[in-house]
Amino acid sequence: MPSGFPLPIFSHFVTMKHWLVFEIFASYISSVKGYSLVREYSGQSFFDLWDFYGAYDNTTQGNVIWVNESYATSQSLAYIDGQGNAIIKVDNTTDVPMGQNRSSVRITTQDTYDVGSLWIIDLSHIPFGCSVWPAFWSFGPNWPEDGEIDIIEGINLMPDNQISIHTTPGCTANGSEYQFGTSGTTTDCSQPSGCTVMQTSPNSFGSGFAAAGGGVWATQFDVSGIFIWFWSRPDVPASIYSASMDVTQWGIPHASYFSNTCNITQYFSAQNLVLDITLCGDWAGIGASYNASCGNSGPTGLCYNDCVVGPGSPRYDDAYFNISYVRAYTSALPSATPSPSITSTTSTKPTTAMTSSTTRHDGLFTHASDNNGWGAVVMLLIAAPIAVIGSWPLVFKRWYHRGIPPLQPA
């Protein structure tokens, strides 16, 4: 800052700039107030409306067998613990011989959730450890044409969660001030890595997440964009537990993917939610990704040989999800855009359902539609001159972009 610069004026300009940033961002995520819970996965019935994969990991080439429901239940790889939480884990009791893979779990919701949905997941533990690659994500029925959203994902001993989206060519995402996370170097979301955002707040992954008591992610899947928030346990807002949630009270998300550079209804269709844990594979088990924190895990320096093969304990004692609930919400009010939907494939539709030939429900928005976010663009053009005046000191801010290794679809 130049010597003699009047500090009160500087402080006023910076405060004005931050206010404008939030106001412009809020115009994107706000369209209709009022939310309805359409599905809750929790307690003894948590697994009732999920399908178990029951096959080898043929998506990321991980060294696991995602077992079927009966095997997972009999081997206590998927169960409800004494506190009523869902546990999903990697087999940590078997001595795996060379040439065989370790048992794990992947589950997919039977319901699909269309544009206009809000998903919340509350966990106290996320799998971590050398070779471990967990994810909570979503995908459309015709991947990758129907898009993918990676909400929770990390490998090995990473301390921070990585968020990303994957699409066909044409969808881009540029890092901006409208998120707390740090965007990766790739802006083309059709590339193998997708458009990534590394969370920068503490305790979003690994041992730190568990030590802090876990936390909560909220994902808004909206015509105006895809927005993902995270709160470590001490910071979870009270509105998360309220029947009248208001997204505008949550502040700026950790990751923001705006519709002005990625038309959400064009690149995404109704999404299934997925929880899975794989081992090694084509991110956690290769090159610098593995060697960065786990290259000294055994005599060979190879993920499969030094981690998967042999005893499961203590190596995989922390390779488990502990989930309090997953909830899916939709708007209680009609939107001005084509009605998003939640499609129930095999389950009984909720009593709040609005019925059509495909069992559809109105989607989640948080005020009237903004026509894919163009209202916010106009607002930005009006506010830009003021924001520039107030934000010139921020040109000296150093934006640090982490190098993100290539990431195949979860």
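Everything discussed here concerns the structure shown above.
No experiment lies behind these values; they were computed from the predicted model shown.

Rules used in this analysis
Residues numbered from 1 in each chain as written. Predicted model: local features only at pLDDT ≥ 70, side-chain atom pairs only at ≥ 80, totals over all residues. Heavy atoms only, no water. Buried < 20%, exposed > 50% of the residue type's maximum accessible area, 1.4 Å probe, protein only. Helix = DSSP H or I, 4+ residues; strand = E, 2+ residues; numbered from the N terminus. Pairing = 2+ DSSP bridges. Disulfide = S-S within 2.5 Å. Polar contact = N/O pair within 3.5 Å; in protein donor to acceptor, adjacent residues only side chain to side chain. Core = buried A, V, L, I, M, F, W, Y, C linked by side-chain atoms within 4.5 Å. Phe/Tyr/Trp six-rings, centres within 6.5 Å; stacked < 30°, edge-to-face > 60°. Lys NZ or Arg CZ within 6 Å of the ring centre and 35° of its normal. Salt bridge = Lys/Arg side-chain N within 4 Å of Asp/Glu carboxyl O.

The next point concerns the pairing of strand 19 (residues 272-279). With respect to burial, strand 19 is a largely interior element, eight of its eight residues being buried. Residues of strand 19 alternate between two faces, with Asn272, Val274, Asp276 and Thr278 on one and Leu273, Leu275, Ile277 and Leu279 on the opposite face, all of them buried. Bridge analysis of strand 11 (residues 132-139) against strand 19 gives eight bridges, and the strand direction is antiparallel. Paired with Phe136 across the strands is Leu275, a residue of strand 19.

As a further point, take the pairing of strand 15 (residues 195-198). Judged by which residues are buried, strand 15 turns out to be covered on both faces: Cys195 and Val197 on one side and Thr196 and Met198 on the other are all buried. For strand 13 (residues 162-166) and strand 15, the ladder comprises four bridges, and the chain directions are antiparallel. In the strand pairing of strand 15, Ser164 is matched with Thr196. In this structure, strand 14 (residues 182-183) lies alongside strand 15, joined through two bridges in antiparallel fashion.

Taken in spatial order, the three strands make up an open sheet running 3-4-7, and their pairing is mixed. Sheet topology places strand 3 (55-56) and strand 7 (102-104) at the edges, where each strand pairs with a single neighbour. As paired strands, strand 3 and strand 4 (residues 64-66) are joined by two bridges and run antiparallel to one another. Bridge pairing in strand 4 places Tyr56 opposite Ile65.

Once that is clear, we can look at the state of the cysteines. Scanning the entire structure with this criterion turns up four disulfides. In this model Cys171 forms its disulfide with Cys262; the gap between the sulfur atoms is 2.0 Å. Taking the sign of the S-S torsion, -105 degrees for the link of Cys171 and Cys262, the bridge is left-handed. Highlighted residues: Cys171 in the loop between strand 13 and strand 14 and Cys262 in the loop between strand 18 (255-258) and helix 4 (264-267), separated in sequence by 91 residues. Like Cys262, Cys171 is buried. A sulfur-sulfur distance of 2.1 Å marks the disulfide that ties Cys280 to Cys303. Note on the Cys280 and Cys303 pair: the S-S dihedral is about -90 degrees, so by sign convention the disulfide is left-handed. Of the two residues, Cys280 is situated in the loop between strand 19 and helix 5 (281-284) and Cys303 in helix 7 (residues 303-308); the sequence distance between them amounts to 23 residues. The exposure classification of Cys280 matches that of Cys303, with both residues buried. If one numbers only the bonded cysteines of the protein chain, in the order they occur, the disulfide pattern is 1-7, 2-5, 3-4, 6-8.

Mapped onto the secondary structure, Arg327 falls in strand 20 (residues 320-331). In this structure the side chain of Arg327 is engaged in a polar contact, spanning 3.0 Å, whose partner is the side chain of Glu40.

Membership of the largest hydrophobic core comes to 76 residues, with the highest contact counts inside it found for Phe46, Trp217, Leu275 and Ile323. Grouped together as the second largest cluster of nonpolar side chains are 17 residues, Tyr178, Ala218, Trp231 and Tyr329 included.

The tally for this structure, following the rule as stated, stands at 17 aromatic pairs. Between Trp217 and Phe230, the aromatic rings sit 4.5 Å apart at their centres with planes inclined by 40 degrees, giving tilted as the arrangement. With a gap of 13 residues between them, Trp217 in strand 16 (residues 215-222) and Phe230 in strand 17 (residues 225-232) connect regions that are remote in the sequence. The exposure class assigned to Phe230 is buried, which follows from its relative accessible area of 4%. The ring of Tyr325 is capped by Arg327, whose NZ or CZ atom sits 3.6 Å from the centre of that ring.

A few words now on the pattern of salt bridges. Enumeration according to the criterion identifies three salt bridges in this entry. Arg39 is the partner of Asp111 in a salt bridge, and the nearest nitrogen-oxygen pair spans 2.8 Å. Residue Asp111 is found in the loop between strand 8 (106-109) and strand 9 (112-113), and its partner Arg39 is found in strand 1 (residues 35-42); the two are separated by 72 residues along the sequence. Arg39 matches Asp111 in its accessibility class, with the two residues each being buried. For Arg327, the salt bridge identified is with Glu40, shortest N-O distance 3.0 Å. One end of the pair, Arg327, is in strand 20; the other, Glu40, is in strand 1, and 287 residues separate them in sequence.

With respect to the helices, strands and loops of the structure, Ser289 is situated in helix 6 (residues 287-294). C-alpha of Ser289 to C-alpha of Ser131: the two residues are 158 residues apart in sequence and 9.9 Å apart in space.

By themselves, these figures tell us nothing about what the structure is for.
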